[in-house]
Amino acid sequence: MSKKTPLYILITTNIIIIILLSVMVFNYLFLGKTKKVSSSGFTVENTKSTTNYTAEEIINKMKEKSSNIGKVVVYTEETDSNKLLGRPNQYTSKIQFADNRVDQSHVEENDAIGGTIEVFNSKEDMEKRKNYIETISSSASFFTQYIYAKDYAILRLESDITPEQAKEYENLFYEVIK
């Protein structure tokens, strides 16, 4: 003898399925791939709020406007010493650049003293990283950095940079990412 499933269970199951399908359709239609152009002129595509610019593109635009930016080191997943590049909820691109006003004679080949730019997929990820760096930076004077954030990017400047020089970089960074 077979038992029949009660009608209220069938109805409840169907309602749950309809709700789940509705949520999936809503997410696809309204949260899927939409594009907008940010005021910086970069296209920002919302598939989780990903950007179409990289740290290298930002520094190249900054370098066009400043002769103080020297060597640029572009990191890959293999060369990133923090092992965060490309990892979930971390930066998607990273560069380090030399400031020509700071002595670079004791710096290794794949390093530079000046600043770092990191770009993220979301503002939330960027804010988490910024807060983390600010916490570390405030814990000891050895870790002190200038930290600026805009859109999906963070500009970090080393303490070898003077406050006046940091202000120049801050203005340039905000000009490039409007």
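Here goes a summary of the coordinates provided. (Residues numbered from 1 in each chain as written. Predicted model: local features only at pLDDT ≥ 70, side-chain atom pairs only at ≥ 80, totals over all residues. Heavy atoms only, no water.)

**Some points on the packing of aromatic side chains**
Per the counting criterion, the structure on display carries four aromatic pairs. Ring centres of Phe97 and Tyr169 lie 5.4 Å apart, and the angle between their planes is 55 degrees; this geometry places the pair in the tilted category. With Phe97 in strand β5 (residues 91–99) and Tyr169 in helix α4 (residues 163–176), this pair connects stretches of sequence that are 72 residues apart. Measuring from centroid to centroid gives 5.9 Å for Phe173 and Tyr174, while their planes differ by 45 degrees, and the two rings are tilted. Phe173 gets classed as buried once you look at its relative accessible area, which sits at 0%. Over the ring of Tyr75 we find Lys94, and its NZ or CZ is 5.0 Å from the ring centre. Here Lys123 stacks its cationic end above the ring of Tyr152, 5.6 Å away from the centre of that ring. (Phe/Tyr/Trp six-rings, centres within 6.5 Å; stacked < 30°, edge-to-face > 60°. Helix = DSSP H or I, 4+ residues; strand = E, 2+ residues; numbered from the N terminus. Buried < 20%, exposed > 50% of the residue type's maximum accessible area, 1.4 Å probe, protein only. Lys NZ or Arg CZ within 6 Å of the ring centre and 35° of its normal.)

**Considering the pairing of strand β7 (residues 145–150)**
Alignment of β7 against strand β8 (residues 153–158), held across six bridges, turns out to be antiparallel. The residue bridging Tyr148 from the neighbouring strand is Leu155, located in β8. Taking the residues that link successive antiparallel strands as the turn, the β7-β8 hairpin has two residues, and the phi of Asp151 there is positive, at about 60 degrees. (Pairing = 2+ DSSP bridges.)

**Observations concerning the environment of Tyr174**
Turning to its location among the elements, Tyr174 is positioned in helix α4. Residue Tyr174 is classed as partly exposed on the basis of its relative accessible area, which comes to 29%. In this structure the C-alpha to C-alpha distance between Tyr174 and Asp151, which are 23 residues apart in sequence, comes to 9.5 Å. Once residues lying within four places of it in the same chain are set aside, the contact partners of Tyr174 are Tyr148, Ala149 and Lys150. (Contact = heavy atoms within 4.5 Å.)

**So, the pairing of strand β6 (residues 114–120)**
In terms of residue burial, β6 counts as a mostly covered element, since seven of its seven residues are buried. One ladder, built from seven bridges, connects β5 with β6; its direction is antiparallel. Bridge pairing in β6 places Phe97 opposite Gly115. As paired elements, β6 and β8 share five bridges and run antiparallel to each other. Residue pairing across strands places Thr116 opposite Arg156, the latter belonging to β8.

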